[in-house]
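Chain residues, written in single-letter form:
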Amino acid sequence: MFLDSVGLLRTTKLSLTTTAQHLASDKVISRQYVGRRAVEINNTGSGTVYIGDCTVTSDTGLPVAAGASKIIPVNEDSVKNLYIVAGAAQDIILAEYFA
């Protein structure tokens, strides 16, 4: 559960592949938005996606099943350290919560 006040909620569609990518919107990666407090992964695709570090795979990642969502509290450094990958190409909705 995520218990923190939210000043801004930003949603983005991410197109995933079998290659790990940052679990962040382009605006967070480019530092146009700072102060991110949590991310929510809404798996709108038909397959499981996996969360982890830059080496995440379907064998090592935290799974988010098709149709499920997961909220993860984060800090500023998580932009560099949090990644996502899919078993096959698919889209997800990423919600980013800011202070």
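Keep in mind it's a predicted model, so treat the numbers as computed, not measured.

The rules behind the values
Residues numbered from 1 in each chain as written. Predicted model: local features only at pLDDT ≥ 70, side-chain atom pairs only at ≥ 80, totals over all residues. Heavy atoms only, no water. Helix = DSSP H or I, 4+ residues; strand = E, 2+ residues; numbered from the N terminus. Contact = heavy atoms within 4.5 Å. Pairing = 2+ DSSP bridges. Salt bridge = Lys/Arg side-chain N within 4 Å of Asp/Glu carboxyl O. Buried < 20%, exposed > 50% of the residue type's maximum accessible area, 1.4 Å probe, protein only.

Things to note about the environment of G7
Then comes step 1: Relative to the assigned elements, G7 resides in the segment before strand 1 (8–16).
Then comes step 2: Put simply, G7 and A66 are 59 residues apart on the chain and 29 Å apart in space, counted from C-alpha to C-alpha.
Then comes step 3: Contact partners of G7, with chain neighbours within four places excluded, come to F98 and A99.

Structural notes on the sheet that holds strand 2 (residues 21–22)
Remark on secondary structure: sheet strands pair via backbone hydrogen bonds, oriented parallel or antiparallel.
Then comes step 1: In space, the 4 strands of this open sheet follow the order 2-7-4-5, with antiparallel pairing throughout. Unpaired on one side and paired on the other, strand 2 and strand 5 (62–64) mark the two borders of the sheet.
Then comes step 2: Pairing of strand 4 (residues 49–52) with strand 5, which is carried by 3 bridges, proceeds in the antiparallel orientation. Looking at the pairing, I51 lines up with L62 of strand 5.

Observations concerning the pattern of salt bridges
Think of it this way: side chains of opposite charge can pair up when their charged atoms draw near.
Then comes step 1: Taken as a whole and judged by the stated rule, the model has 2 salt bridges.
Then comes step 2: Two residues, K13 and D91, come together in a salt bridge whose shortest N-O distance is 3.6 Å. Taken together, the residues K13 in strand 1 and D91 in strand 8 (residues 90–98) connect sequence positions 78 residues apart.
Then comes step 3: The class of K13 is exposed, set by a relative accessible area of 54%.
Then comes step 4: Across the salt bridge formed by R36 and E96, the nearest N and O atoms sit 2.9 Å from each other. Of this pair, R36 sits in strand 3 (residues 36–42) while E96 sits in strand 8, and the two are 60 residues apart along the sequence.
Then comes step 5: A relative accessible area of 0% places E96 in the buried class.

A look at the environment of V79
Then comes step 1: Examined against the element boundaries, V79 turns out to sit in helix 2 (residues 78–81).
Then comes step 2: With a relative accessible area of 11%, V79 lands in the buried category.
Then comes step 3: Sequence separation between V79 and G52 is 27 residues, and the spatial gap between their C-alpha atoms is 12 Å.
Then comes step 4: With residues up to four places along the chain from it excluded, the contact list for V79 reads H22, V28, I29 and R36.

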